[in-house]
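Architecture and fold: a report
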Amino acid sequence: MAPFKIVQASDTAVPVKCWSCAVAQNESTLFCSTCSKVQPPLRMDYFQVFQLPRILRLDVDVLEKEFYRLSRKLHPDRYARATESEREWSLADTALVNDAYRTLQDPIRRTEYLLKLEGESIGEEHSGKVSNSRASRVPSDLLEEVFELNMQLDELREGDASLRSDVEAAGQKFEAMLDELDSKLEAEWARWDEGDATARSTAQKQMVALLDRRRYLDNLLRDVKKVLGA
Amino acid sequence: MAYSEKVIDHYNNPRNVGQLDKAASEVGTGLVGAPECGDVMRLQIRVNPETQIIEEAKFKTFGCGSAIASSSLATEWVKGKTVEEALEIKNTEIVKELALPPVKIHCSVLAEDAIRAAIGDWKKKNGVAEAAEAAAAH
């Protein structure tokens, strides 16, 4: 695993005292590091929930074990005789842990989430705000092929079975493009995890572009599978 | 999120779906995509070479209801306009007409891009002065 680089989140830099034993916590945490009492849900990002630095290559098995460990520690049975506040916090923390696990265990969602934390707008959030950079983000070489395949899918849906083999071939081609793209993405994860600030900034831009392209391929392949499977 | 009645109307009864002969000199084709959601949109115009009036417009969009409605509306609006007038259409007008929510604004941007791309293609085919194109650009 890559050497850890701790990225300090600016909005959580203020030390918070444990409500129970009043010992100040160095960082946002679900449980007090001194008395182990559950803490109210604070502004914590998903990496902080698992006490991880912002890295992209995570061992999902380790993450899963940690998820189960935290879930057990937060289980309602453990809070049956706790104060009402603690019961509420443990529930809220459980929801946070669930969301964090769901996002981080999927490499693509993890990447999108990290890019958002780093200030990028992802998916529909672009909202056409940045009209200058917009054109450069559209993968124009893909457009023709994407459009053509969509047309064939439409005709296939309407019952023109002769197109089936064409669509299958196109599907395989796009599948291969997706594989190629994913290996590029993996290289950027490494660059992010191991690089300095400059490398990270480059990796960040590359990842945004790759994810844009990936979304096209992903949507298309989903449709291909739906039509062929029908 | 609920779609506005106008979006639903355009989605259920899209205007001007289809295609024009891409190879014809009086036809301009714009093919654009939205990286936000993976939508693709093709908008085509047929321009009267004498009057420069857009006499016919067709579209085909693969995407969400808002993208379909935006392109449907765009074809309605460009028809009967001159090429230069059509370039004046702004995505914000589409947003207003269709009451698009913020997360769907990019659909209207896509439609505006498609109009520009179609007109740009027509100009290129017909050797219309670059100056006019540059002036019309953002």
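One structure accompanies this document, and this report is about it. Please read these numbers as outputs of a predicted model, since none were measured by experiment.

This part is about the overall build of chain B. A count of helices and strands for chain B gives 6 helices and 3 strands. A buried classification covers 51% of the 138 residues belonging to chain B. Expressed as a percentage of contacts within chain B between residues at least 6 apart in sequence, the contacts between residues at least 24 apart total 63%. For chain B, the exposed area adds up to about 6000 Å²; of that, 52% sits on carbon and sulfur atoms.

Attention shifts here to the pairing of strand S2 (residues 39-47) of chain B. All names here are of chain B. Within S2, 8 of the 9 residues are buried, which leaves it mostly tucked inside the rest of the structure. Relative to strand S3 (residues 54-62), S2 runs antiparallel, the two being bridged by 8 bridges. Paired with Ile45 across the strands is Ala57, a residue of S3. Between S2 and S3, which follow one another and run antiparallel, lie 6 residues, and Gln52 among them has a positive phi close to 65 degrees.

Another aspect to go through is the side chain of B:Arg116. Residue placement: B:Arg116 occurs in helix H5 (residues 105-126). Judged by relative accessible area, which is 17%, B:Arg116 ranks as buried.

We now examine a negative patch on the surface. Residue and element names in this part refer to chain A. On the surface, Glu148, Glu155, Glu158 and Asp160 cluster together into a patch of negative charge. Its location among the elements puts Glu148 in helix H6 (residues 140-157). With relative accessibility at 46%, the residue Glu148 sits in the partly exposed group.

What follows covers the sheet that holds S2(B). Residues and elements named next belong to chain B. Strand order in the open sheet formed by 3 strands is S1-S2-S3, with antiparallel pairing between adjacent strands. One side of each edge strand has no neighbouring strand; the edge strands of this open sheet are strand S1 (27-34) and S3. Within this sheet the neighbouring strands show an average axis-to-axis angle of 15 degrees, counted without direction. Where helix H2 (residues 65-78) meets the sheet, its contacts fall on S2 and S3, and the angle it forms with S3 comes to roughly 175 degrees. Across the sheet, H5 is in contact with S1 and S2; its angle to S1 comes to roughly 145 degrees.

Parameters at a glance
- Each residue is numbered by its place in its chain's sequence as written, counting from 1.
- Think of it this way: whatever chain is written first is A, whatever ligand is written first is 1, and the rest follow in order.
- At least 70 in pLDDT is required for a residue's local features to be given in this predicted model, at least 80 for side-chain atom pairs to be given and counted, and no such filter applies to totals for whole chains, interfaces and linings, which use all residues.
- Only hydrogens and water are set aside when side-chain values are computed; all heavy atoms of the structure are taken into account.
- Helix numbering and strand numbering both begin at the N terminus, where a helix is a DSSP run of H or I of at least 4 residues and a strand a DSSP run of E of at least 2.
- For each residue, the accessible area found with a 1.4 Å probe, counting protein chains only, is set against the maximum for its type, and the residue is called buried under 20%, exposed over 50%, and partly exposed in between.
- The criterion used for residue contact is that any of the two residues' heavy atoms lie within 4.5 Å.
- In these tables, accessible area is a Shrake-Rupley quantity obtained with a 1.4 Å probe, and a residue counts as shielded only by the protein chains included in the view.
- Two strands qualify as a pair provided DSSP detects at least 2 bridges between them.
- Surface patches are defined over residues having more than 30% relative accessible area and no salt bridge, joining like charges when they lie within 9 Å and nonpolar side chains (Val, Leu, Ile, Met, Phe, Trp, Tyr) when within 5 Å.
- We count a salt bridge whenever a side-chain nitrogen from Lys or Arg sits within 4 Å of a carboxyl oxygen from Asp or Glu.
- As used throughout, the charge tally considers Lys and Arg to be positive and Asp and Glu to be negative, leaving His and the chain termini uncounted.
- Each charge is placed at NZ for Lys, CZ for Arg, CG for Asp and CD for Glu.
- Helix axes are fitted only over the stretch in contact, all axes being lines through C-alpha atoms; the angle between N-to-C directions runs from 0 to 180 degrees.

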